[in-house]
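Chain by chain, the residues run as shown.
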Amino acid sequence: MRDTPEAWTPAARSVLPAMRAWRMAIHREPELSTEEFRTQEKVVAALRDLGIPYRTPPRSTAVIGLVGGDRPGPVVALRADLDALPVTEATGLSFASRTPGRMHACGHDVHTACLLGAAAVLVRNERALGGPVKLLFQPAEEEGSTGGALPLIAAGCLERPTVDYVVGQHVDPSIPLGQVGWREGAAMAAADFFRITVRGRGGHASTPHQGPDAILVASEVVVGLQALVSRVREPFDPVVVSVGSVHGGTRNNILPDEVVLEGTVRTLKPETRKQMESVLKRRVRSIVASLGARVAIQYVHGYPSLHNDPKSTRVVADALAVELGRANVTAVDHAVMGAEDFSRYLERVPGTFLRLGVGVPGRPASLHSATFAPDERALVIGAATLAAAAVALQRGRP
Ligand SMILES: [Zn+2]
Ligand SMILES: [Zn+2]
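Small disclaimer: the values here were computed from a predicted structure and weren't measured.

It is at 8 Å that the axes of helix 4 (residues 108-124) and helix 10 (residues 378-396) come closest, and there the two elements cross at 55°. For the element pair helix 4 / helix 10, the angle class is oblique. Where helix 4 crosses over helix 10, the two elements pack in a sense that is right-handed. Seen from helix 4, the contacting residues are Val110, Ala113, Cys114, Leu115, Gly117, Ala118, Val121 and Leu122; seen from helix 10, they are Ala378, Leu379, Gly382, Ala383, Leu386, Ala387 and Ala390. Looking at side-chain class alone, the contact of helix 4 with helix 10 contains 13 nonpolar, two polar and no charged residues.

The following block contains the structure:
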């Protein structure tokens, strides 16, 4: 590794104590989407300590910082998300959540500490920057439909100065600690949601012939939705349809009037997303009609699929291979069907979304679980990754 300001890993290691403190404070006090008031205060306090100018958009828990604002050259935005989840923590960590039913179970505390760490090393090496670096601390990633990215974009986070490239990252237990994963093109799914209300005719369970039985019809719909996945789409274009909740009925001998099914549809291609909406509605209506029942379908669009710009991704991956060693930079061979509102930035600005390895052998972990506890050694890699990516994009101008 070169011993220059561009060796971002040693620089990030020197701010590890601060990153640990930020991470622990944020982790201890998790806040749900759009309620990140205390988290916003903590980010603001850290930026003030670092002497980094920032603004907080009105009626928002976001923070927008700017490093090297008068450096000539391309503007790179680095983004972290601030929100936690409605989970009761069971990690046993000394800095575990103090609020039952609230937990940083998706690692957004790590993302935020990494971005503050990157800001700390960048501001200290401002002369190494090939342009301004904008820091986007974004609320409400977990919200799922509007999300936090769209309101932040509406608040002008990609303007004044105009952002040329955007980079984000997410902790990933499937990638070993110490490594970073990258992928060109489609990397994460679009997530849409449906609510299907099947209306039959309730009555005594001993006389089901008197009306369409909403429970039986809803069951046919659940099975029919899976046939849709296996028979409508192309085999190499992944689609997931999952029904996550079924509600109907009160006791064993009463048939309910109504059953409500809720679920999600995940797709990678925009045209498949459109197609799935129309074929799902058509299929559900025809199943329900064939059994004499009625149906109402609500279909809500969530985050679009996430597409990493190939040129920017290559520039960043090459820089990370120098920064972290080629063996620690992994091309990820498949998309994941999870969703991220980072896709909203990538719809407007080229850039890339990286995966920060937090996998430790023998310590299985899954995002959103009550025992998710990413190793703090990822903080150094995460901060160095963001700093190296920003400078590489400014120099490489892909
Ligand atoms: Zn999450
Ligand atoms: Zn997340």
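We now examine unusual backbone geometry. Omega for the bond connecting Arg160 with Pro161 falls within 30 degrees of zero, at -5°, which places this linkage in the cis form. Structurally, Pro161 is set in the loop between helix 5 (149-154) and strand 5 (165-176). At Arg59, a position not held by glycine, the phi torsion is positive, near 55°. By secondary structure assignment, the location of Arg59 is in the loop between strand 1 (54-55) and strand 2 (63-67). Arg59 sits in the exposed class, given 9 other C-beta atoms within 10 Å.

On to the sheet that holds strand 5, then. Here eight strands make up an open sheet; going across it, the order is 1-2-4-3-5-16-6-15 and the pairing mixed. Here the strands that pair on one side only, and so sit at the sheet edges, are strand 1 and strand 15 (329-331). Here six bridges tie strand 3 (residues 76-81) to strand 4 (residues 133-138), and the two strands are oriented parallel to one another. If you follow Ala77 over to strand 4, its bridge partner there is Lys134. Helix-sheet contacts for helix 3 (residues 37-50) involve strand 1, strand 2 and strand 4, and the interaxial angle to strand 2 is about 15°. Sitting on the sheet, helix 8 (residues 310-324) is in contact with strand 5, strand 6 (180-182), strand 15 and strand 16 (351-359), with an inclination near 160° to strand 6.

Glancing now at helix 3. Its 14 residues give helix 3 an end-to-end C-alpha distance of 20 Å, which sits within 8% of 20 Å, the value for a rise of 1.5 Å per residue. What helix 3 keeps buried is the set Thr39, Lys42, Val43, Ala46 and Leu47. Projection of helix 3 onto a plane perpendicular to its axis shows the buried side chains occupying an angular sector of 130°, all on one side. Facing away from the buried side of helix 3 by more than 90 degrees, the exposed set consists of Phe37, Ala45, Arg48 and Asp49. Downstream of helix 3 by a residue or two, Gly51 has a phi angle that is positive, lying close to 70°.

Its domain assignment divides the chain into domain 1 (8-188 + 305-396) and domain 2 (193-301). Centre-to-centre, using C-alpha coordinates, domain 1 lies 38 Å away from domain 2. With five residues of domain 1 in contact, the opposing surface of domain 2 contributes seven residues.

Turning next to the sheet that holds strand 8 (residues 190-199). Strand order in the open sheet formed by four strands is 10-12-8-13, and the pairing between neighbours is antiparallel. Two strands close off the open sheet at either side, each with one partner strand: strand 10 (239-247) and strand 13 (294-301). Adjacent strand axes in the sheet meet at a mean angle of 20°, parallel and antiparallel pairs treated alike. Looking at chain direction, strand 8 and strand 13 are connected through eight bridges and run antiparallel. Residue pairing for strand 13: Val198 is matched across the bridge by Val295. Its contacts with the sheet put helix 6 (residues 214-232) on strand 8, strand 10 and strand 12 (258-267), and the angle it makes with strand 10 is roughly 165°. Helix 7 (residues 270-290) contacts strand 8, strand 10, strand 12 and strand 13 of the sheet and is inclined by roughly 165° relative to strand 13.

Core analysis: the largest hydrophobic core is formed by 86 residues, its most contacted members being Leu78, Ala383, Ala387 and Ala390. Per-element tally for this core: the top contributor is helix 10, with 14 residues. Aside from chain neighbours lying at most four places away, what touches Leu78 is Leu115, Ala118, Val133, Leu135, Leu136, Val167, Leu386 and Ala390. Residues Phe194, Val198, Val217 and Met276 belong to the second largest nonpolar core, which totals 20 residues.

Now for the pairing of strand 12. Every regular strand shows the same layout, with side chains that alternate between the two sheet faces. One ladder, built from ten bridges, connects strand 8 with strand 12; its direction is antiparallel. Paired with Thr197 across the strands is Val260, a residue of strand 12. Bridge count between strand 10 and strand 12: eight bridges; the pairing is antiparallel. In the sheet register, Ser242 faces strand 12, and the bridge partner there is Thr264.

The rules we used
- Residues numbered from 1 in each chain as written.
- Chains lettered and ligands numbered in written order.
- Predicted model: local features only at pLDDT ≥ 70, side-chain atom pairs only at ≥ 80, totals over all residues.
- Axes fitted to C-alpha atoms, helices over the stretch in contact; angles between N-to-C directions.
- Helix = DSSP H or I, 4+ residues; strand = E, 2+ residues; numbered from the N terminus.
- Parallel < 35°, antiparallel > 145°, perpendicular 65-115°, else oblique.
- Left-handed = near helix turned anticlockwise from the far one by under 90°.
- Contact = placed C-beta atoms within 7 Å.
- Nonpolar A, V, L, I, M, F, W, Y, C, P; charged D, E, K, R; others polar.
- Buried ≥ 20, exposed ≤ 12 C-beta atoms within 10 Å, placed from the backbone.
- Pairing = 2+ DSSP bridges.
- Expected span 1.5 Å × (residues − 1).
- Arc of directions from axis to C-beta.
- Domains from an automatic or database assignment.
- Core = buried A, V, L, I, M, F, W, Y, C linked by C-beta atoms within 7 Å.

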